[in-house]
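Overview (structure and organization)
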There are 2 protein chains.
Amino acid sequence: MKLYDYYRSSAAFRVRIALNIKGLEAERESIHLRRKDQRSDAYLAVNPQGLVPTLVDDDGTVLTQSMAIIEYLDETRPDTPRLMPADAAGRARVRAISDAIACDIHPLNNLRVLRHIDEVFDADEATRNELWYKHWIDEGMGGLEGMLAGSGDTGDFCHGDTPTMADCCLVPQFYNAERFGCDMSGYPTAARINATCLALDAFQQALPEVQPDAEA
Amino acid sequence: MKLYDYYRSSAAFRVRIALNIKGLEAERESIHLRRKDQRSDAYLAVNPQGLVPTLVDDDGTVLTQSMAIIEYLDETRPDTPRLMPADAAGRARVRAISDAIACDIHPLNNLRVLRHIDEVFDADEATRNELWYKHWIDEGMGGLEGMLAGSGDTGDFCHGDTPTMADCCLVPQFYNAERFGCDMSGYPTAARINATCLALDAFQQALPEVQPDAEA
């Protein structure tokens, strides 16, 4: 397998966690997002969206979109630790938590969006972080905390007592929010699960700063 | 089943299409997003994110997030027309196309985000539509068109010759973009599939303007 990766991409971070939990190895190629490597003809031929991650399976199947990649790995490697529950309602809950992060929080605060805001609305960094970044973290994490705190299905992890795709999404979002200086103390269930995840090697080894392409 | 719905919500529109394709009936309750019904204590108790749609299954299972709902319906009603392919690579592709819309286009352009932009960046509607709405449609639809046009798996619909979850996501996004006056002629494959979908009753009956809560 080959993973097109970037150390600071939250979406790639999700897939790195999943690979680690499942004990799967992938050759890595770094696509430098700040240098716009993702817009090269060579990369666009692999991923027409020009986003990371992309995973190329051993049989040549090209997979894009982090959650689609994670579910694919889980379905095609069923003998490794499972990232999706065995029951339909459980899978729906794991997908809903994942989407609450990957659709409702992350897209508003990723690099390309922050750059575009600075460009078109002429926002300075402090204003943009306060009125935009933190706003969507508050809005999104508030809803997510409600989903986690209000359900008996929440365990040591987002769903039950083993990590699922939802945890693969939670930890990168938490990491990103803390990097931007957000106060996460208002989301105690999410914070508790994040800490539980970060005690595991699979999550530690997926952290941006320990990737080979990490910059100071 | 009961669907918490709003005629103009693109995410609810996706689920309405899926229910129609599968021939499933659901009682409807309209959550008026412009009047902020979604922030009532009663609704937040059902959906802590305060978003539509929510589906409550006959056994009381509460489901949120449109794509999680669609996959759940497909898994629990396998004898109705399938919205997900039978093979793992096919499912991954349908999920990736769906996420390319639901994670990378829609979240940037929905009502709450446009409202927030107007508030914090003091943007007038024309500027915001031009520099924000259309920018993300161009960016997102360009990538999506590449995914569709460049793959032999694209058929009459986004994946093969029957509608899948990807088409349930495509049509509401297309509808929304046209409502905002975007020129969609640059995305011929997506436009061709959108037209094929709209020739079907399941899509027609899910359109915002034919819902009971539609406003003039």
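All values derive from a computational prediction rather than experimental measurement. (Residues numbered from 1 in each chain as written. Chains lettered and ligands numbered in written order. Predicted model: local features only at pLDDT ≥ 70, side-chain atom pairs only at ≥ 80, totals over all residues.)

1. Considerations on the overall build of chain A
Summing up its helical and strand segments, chain A has 10 helices and 4 strands in all. Listed by position from the N terminus, the elements making up chain A come as β-α-β-α-β-β-α-α-α-α-α-α-α-α. For a compact globule of 216 residues, the expected C-alpha radius of gyration is about 17 Å, and chain A comes in at 17 Å, within 12% of that figure. For chain A, the spread of C-alpha atoms along the three principal axes comes to 50 × 45 × 30 Å. In chain A, the share of contacts with a sequence separation of at least 24, taken over all contacts with a separation of at least 6, comes to 68%. (Helix = DSSP H or I, 4+ residues; strand = E, 2+ residues; numbered from the N terminus. Rg over C-alpha atoms; globule rule 2.2 N^0.38 Å. Contact = placed C-beta atoms within 7 Å.)

2. Re the nonpolar core
Soluble globular proteins tend to pack their nonpolar side chains together in the buried interior. Ranked by internal contacts, the top residues of the largest apolar core, which has 119 residues, are Ala18(A), Ile70(A), Leu170(A), Ala18(B), Ile70(B) and Leu170(B). Sequence-distant contacts of Ile70(A), that is, excluding residues within four places in its chain, are made with Arg14(A), Val15(A), Ala18(A), Leu83(A), Met165(A) and Cys168(A). (Core = buried A, V, L, I, M, F, W, Y, C linked by C-beta atoms within 7 Å. Buried ≥ 20, exposed ≤ 12 C-beta atoms within 10 Å, placed from the backbone.)

3. A look at the sheet that holds strand β3 (residues 54-56) of chain A
All names here are of chain A. One open sheet accounts for 4 strands, arranged β2-β1-β3-β4; its pairing is mixed. One side of each edge strand has no neighbouring strand; the edge strands of this open sheet are β2 (27-30) and β4 (62-64). Strand-to-strand twist in this sheet, taken as the mean axis angle between neighbours without regard to direction, amounts to 20°. Examined bridge by bridge, β3 and β4 share 3 bridges and lie antiparallel to one another. Its bridge partner being in β4, leucine 55 is matched across the sheet by leucine 63. (Pairing = 2+ DSSP bridges. Axes fitted to C-alpha atoms, helices over the stretch in contact; angles between N-to-C directions.)

4. Brief notes about the interface of chain B and chain A
Between chain B and chain A, the contact holds 37 residues from the first and 37 residues from the second. Looking at the side of chain B that touches chain A, the elements with two or more residues in it are β4 (62-64), α3 (66-76), α4 (88-102), α5 (106-109), α6 (111-121) and α7 (125-149) of chain B. No other element matches α4(B), which puts 8 residues into the side of chain B that touches chain A. The residue makeup of the side of chain B that touches chain A, split by class, is 21 nonpolar, 11 polar and 5 charged. (Nonpolar A, V, L, I, M, F, W, Y, C, P; charged D, E, K, R; others polar.)

5. Things to note about the sheet that holds strand β3 (residues 54-56) of chain B
Residues and elements named next belong to chain B. If you trace the 4 strands from one edge of the open sheet to the other, you get β2-β1-β3-β4, paired in mixed fashion. Strands at the two margins of the open sheet, each flanked by one partner only, are β2 (27-30) and β4. This sheet shows a mean twist of 20° between the axes of neighbouring strands, independent of strand direction.

6. Let's talk about α4(B)
Between its first and last C-alpha, α4(B) extends 20 Å over 15 residues, near the 21 Å set by a 1.5 Å rise per residue. In terms of residue burial, α4(B) counts as a mostly covered element, since 12 of its 15 residues are buried. Buried residues of α4(B): Arg91(B), Ala92(B), Arg93(B), Val94(B), Arg95(B), Ala96(B), Ile97(B), Ser98(B), Asp99(B), Ala100(B), Ile101(B) and Ala102(B), and no others. In this structure, the buried side of α4(B) is in contact with β4 and α3 (66-76) of chain A together with α3, α5, α7 and α8 (165-179) of chain B. (Expected span 1.5 Å × (residues − 1).)

7. Digging into the relation of the copies chain B and chain A
At an RMSD of 0.0 Å, chain B and chain A line up after a rotation of 180° and a shift of 0.0 Å along the axis. The superposition of one copy onto the other is thereby described by a two-fold rotation axis. Measuring from the rotation axis to each C-alpha of chain B, the shortest distance belongs to Cys103(B), at 2.2 Å. Mapped onto chain A, 100% of the interface residues of chain B again fall at the interface, so both copies present the same surface. (Least-squares fit on C-alpha atoms with pLDDT ≥ 70 in both.)

8. Section: the pairing of strand β1 (residues 2-5) of chain B
Residue and element names in this part refer to chain B. One ladder, built from 4 bridges, connects β1 with β2; its direction is parallel. Counted as the bridge partner of aspartate 5 is serine 30 from β2. Direction of pairing for β1 relative to β3: antiparallel, over a ladder of 3 bridges. Residue pairing for β3: tyrosine 4 is matched across the bridge by threonine 54.

9. Let's talk about the domain arrangement of chain A
Bring the parts together and some accessible area is lost; that lost area is often taken as the interface size. All names here are of chain A. What the domain assignment lists for chain A is domain 1 (2-82) and domain 2 (88-203). Counting residues per element, the side of domain 1 that touches domain 2 draws most heavily on helix α1 (residues 10-22), which supplies 7 residues. When its residues are assigned to classes, the side of domain 1 that touches domain 2 shows 7 nonpolar, 2 polar and 2 charged. (Domains from an automatic or database assignment.)

10. Focus on the packing of helix α4 (residues 88-102) of chain A against helix α8 (residues 165-179) of chain A
Residues and elements named next belong to chain A. With their axes 8 Å apart at the nearest point, α4 and α8 run at an angle of 20° to one another. Judged by the inter-axis angle, α4 sits roughly parallel to α8. α8 is crossed by α4, and the crossing has left-handed handedness. Within the contact between the two elements, α4 uses Val94, Ile97, Ser98, Ile101 and Ala102 and α8 uses Met165, Ala166, Cys169, Leu170 and Gln173. (Parallel < 35°, antiparallel > 145°, perpendicular 65-115°, else oblique. Left-handed = near helix turned anticlockwise from the far one by under 90°.)

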